[in-house]
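# Breakdown of the fold
Given next are the chains, with one letter for each unit.
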Amino acid sequence: MKTLAAWFAGLTALLVVGCSGPAEDAAHRRADAVDEAGERQADALERQAAATSNEAEETALNRQADAVENAADRKSDEMHRQVDKDF
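Scoring rules and cut-offs
Residues numbered from 1 in each chain as written. Predicted model: local features only at pLDDT ≥ 70, side-chain atom pairs only at ≥ 80, totals over all residues. Heavy atoms only, no water. Helix = DSSP H or I, 4+ residues; strand = E, 2+ residues; numbered from the N terminus. Buried < 20%, exposed > 50% of the residue type's maximum accessible area, 1.4 Å probe, protein only. Contact = heavy atoms within 4.5 Å. Areas by Shrake-Rupley, 256 points an atom, 1.4 Å probe, with all protein chains shown as cover. Salt bridge = Lys/Arg side-chain N within 4 Å of Asp/Glu carboxyl O. Expected span 1.5 Å × (residues − 1). Polar contact = N/O pair within 3.5 Å; in protein donor to acceptor, adjacent residues only side chain to side chain. Core = buried A, V, L, I, M, F, W, Y, C linked by side-chain atoms within 4.5 Å.

### Brief notes about the overall build of the protein chain
A tally of helices and strands in the protein chain yields three helices and zero strands. Taken from the N to the C terminus, the helices and strands of the protein chain come in the order α-α-α. Buried positions account for 28% of the 87 residues belonging to the protein chain. A separation threshold of at least 6 residues defines the contact pool for the protein chain, and within that pool the share at least 24 residues apart is 68%. Summing over all exposed atoms, the protein chain offers an accessible surface of approximately 5,800 Å²; the carbon and sulfur share of this is 56%.

### So, the environment of Ala31
With respect to the helices, strands and loops of the structure, Ala31 is situated in helix H2 (residues 22-51). For Ala31, a relative accessible area of 0% gives the class buried. Separated by 44 residues in the primary sequence, Ala31 and Lys75 place their C-alpha atoms 7.8 Å from one another. When residues no more than four places from it in sequence are discounted, the contact partners of Ala31 are Ser76, Met79 and His80.

### Some details on the pattern of salt bridges
Applying the stated criterion to the full structure yields one salt bridge. Residue Glu78 is joined to Lys75 by a salt bridge in which the shortest nitrogen-to-oxygen separation is 3.8 Å. With a gap of three residues between them, Glu78 and Lys75 both fall in helix H3 (residues 55-86), about one helical turn apart.

### With respect to H3
Residues spaced three or four apart along an α-helix point in a common direction, a consequence of the helix completing one turn every 3.6 residues. Here H3 spans 46 Å end to end across 32 residues, near enough to the 46 Å set by a 1.5 Å rise per residue. Taken residue by residue, H3 has Leu61, Ala65, Glu69, Ala72, Asp73, Ser76, His80 and Val83 as its buried positions. For H3, the capping residue at the N-terminal end is Asn54, with a side-chain oxygen 2.9 Å from the backbone nitrogen of Ala56.

### As for the nonpolar core
Membership of the largest hydrophobic core is limited to five residues, which are Ala42, Leu45, Ala49, Leu61 and Ala65. At the level of secondary structure, the elements contributing two or more residues to this core comprise H2 and H3. Among all residues touching Leu45, those that are not within four sequence positions of it are Leu61, Gln64, Ala65 and Val68.

Spatial relationships are all this shows, so hold off on functional conclusions.
Listed below in structure tokens is the structure:
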């Protein structure tokens, strides 16, 4: 899923660069930053999950990681859509 998200973000960036101005580019970069921050947080939670020997804690941390990543993806997508509407 992370690879697909990274690919999509890269494709979006390429498409944006070809037909936008500086303000729109900056807004898309902010949206991408939200997605990247969510991925970093999720990765940290997944590392914590891998480091624990408590199965219940591991499951909870992995679920939390998924929730963080999904929330960041949704927010980033929402921001990209808003930028597309605004510009």
